[in-house]
Structures are given as C-alpha cells and as structure tokens.
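# Structure at a glance
Residue strings, one per chain:
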Amino acid sequence: QVQLVESGGGLVQPGGSLRLSCAASGSIFNIYGMGWYRQAPGKQRELVAAITSGGSTNYADSVKGRFTISRDNAKNTMYLQMNSLKPEDAAVYYCNAALTTGWGLTPRTYWGQGTQVTVSS
C-alpha cells in the first residue's frame, strides 16, 4: 500500500508564504516524477510544478518566480515553497508521484488527498 500525504496548507494573507510537503510512504521501490497540482472551485485541476528524480523542474507560468518545488529522495518527500501568494493561488493542492513498488514493474501514478490553501486578508 502506497500513501501520499500532503501537509502545510492553511490560511495566509496576500503576499505571504506557505510551504507544502508531500510525504510518500509504503511499499515504494523507486519514485520517478513528482508534481503539485491545484484545483480551485469550479475550475479544472492544473499543474503547478513538477520535478524529476534528477531534480529538473518546470512550473506553470502563473507561479514562475514565486513558487519553488524541491524533493528529498532519501525521505521520499517533495516540497512546494510558495511565496508572494495571491488570492488566485487559493485552491486545494494535490501532490502526485509516478512510482514503482517492485523491480521491473511499470510505474503507476498515485495522488494525495489534497491540502487547502486559502489566500485572503
């Protein structure tokens, strides 16, 4: 059984910062790409940032220069540092990971349960 658990969401004022974490646990053999997505009410889920196992990153244009994605492979944990938050960043943030649970298996994608980020004064 594999679990992805997000934490770090909450209420922050515009211009503030939050750091989200996503911890993967269970029968994990190898984690490949990981990513953060978000979904605001009435909108589709969108990619915020992604990171490969080697550390290459990409970001949505709307968060470039404000958000930083990182990962600690030894801890099977991914982070999203969010600075200069705007009201339009408010959403439920989900993490996902492509991983294998054994040698020679095809990677599967797993999702966390989501963490709420609210940006409001």
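Residues numbered from 1 in each chain as written. Predicted model: local features only at pLDDT ≥ 70, side-chain atom pairs only at ≥ 80, totals over all residues. Heavy atoms only, no water.

If you tally the helices and strands in the chain, you get 0 helices and 11 strands. Since a compact globule built from 121 residues should have a radius of gyration of about 14 Å, the 14 Å found for the chain is in line with a globular shape. When its C-alpha atoms are laid out on the principal axes, the chain stretches across 50 × 25 × 25 Å. Burial analysis of the chain (121 residues in total) assigns 39% to the buried set. For the chain, contacts bridging at least 24 residues in sequence account for 56% of all contacts bridging at least 6. As presented, the chain carries roughly 6500 Å² of accessible surface, and 47% of it is formed by carbon and sulfur atoms. (Helix = DSSP H or I, 4+ residues; strand = E, 2+ residues; numbered from the N terminus. Rg over C-alpha atoms; globule rule 2.2 N^0.38 Å. Buried < 20%, exposed > 50% of the residue type's maximum accessible area, 1.4 Å probe, protein only. Contact = heavy atoms within 4.5 Å. Areas by Shrake-Rupley, 256 points an atom, 1.4 Å probe, with all protein chains shown as cover.)

A separate point is the state of the cysteines. In the structure shown here, the tally under the stated rule is 1 disulfide. Two residues share a disulfide in this structure: Cys-22 and Cys-95, whose sulfurs sit 2.1 Å from each other. Disulfide Cys-22-Cys-95: the torsion about the S-S bond is 60 degrees, which places it as right-handed. With Cys-22 in strand E3 (residues 18-26) and Cys-95 in strand E9 (residues 91-100), this residue pair connects regions lying 73 residues apart in the sequence. (Disulfide = S-S within 2.5 Å.)

Before going further, it helps to examine the nonpolar core. Residues Trp-36, Val-48, Phe-67, Met-78, Leu-80, Met-82 and Tyr-93 are the most contacted members of the largest nonpolar core, which totals 29 residues. Elements supplying a minimum of two residues to this core: strand E1 (2-7), E3, strand E4 (30-39), strand E5 (46-51), strand E7 (67-72), strand E8 (77-82), E9 and strand E11 (115-119). Per-element accounting of this core gives the leading share, 5 residues, to E9. With residues up to four places along the chain from it excluded, the contact list for Val-48 reads Trp-36, Tyr-37, Arg-38, Asn-58, Tyr-59, Ala-60, Val-63, Phe-67, Leu-80 and Tyr-93. (Core = buried A, V, L, I, M, F, W, Y, C linked by side-chain atoms within 4.5 Å.)

So, on to the packing of aromatic side chains. Using the criterion set out here, one finds 2 aromatic pairs in the structure. The interplanar angle of 85 degrees and the centroid separation of 5.9 Å between the aromatic rings of Phe-29 and Trp-103 together place this pair among those described as edge-to-face. On the criterion of sequence distance, the pair formed by Phe-29 in the loop between E3 and E4 and Trp-103 in the loop between E9 and strand E10 (108-111) is long-range, its members being 74 residues apart. Sitting over the ring of Tyr-94, Arg-45 keeps its end group 3.7 Å from the ring centre. Of note, Arg-45 hangs over the ring of Trp-111, and the distance from its end group to the ring centre comes to 4.7 Å. (Phe/Tyr/Trp six-rings, centres within 6.5 Å; stacked < 30°, edge-to-face > 60°. Lys NZ or Arg CZ within 6 Å of the ring centre and 35° of its normal.)

Attention shifts here to the side chain of Arg-66. With respect to the helices and strands, the residue Arg-66 is situated in the loop between strand E6 (57-59) and E7. Among the polar contacts listed, one links the side chain of Arg-66 to the backbone oxygen of Ser-62, at a separation of 2.8 Å. (Polar contact = N/O pair within 3.5 Å; in protein donor to acceptor, adjacent residues only side chain to side chain.)

As a further point, take the pattern of salt bridges. In total, this model carries 4 salt bridges according to the counting rule given. Of the charged contacts, one joins Glu-46 and Arg-38 as a salt bridge, the two residues approaching to 2.7 Å between their closest N and O atoms. Residue Arg-38 is classed as buried on the basis of its relative accessible area of 6%. Residue Arg-38 pairs with Asp-89 through a salt bridge whose shortest N-O separation is 3.0 Å. Here Arg-38 is found in strand E4, whereas its partner Asp-89 is found in the loop between E8 and E9, with 51 residues between them in sequence. (Salt bridge = Lys/Arg side-chain N within 4 Å of Asp/Glu carboxyl O.)

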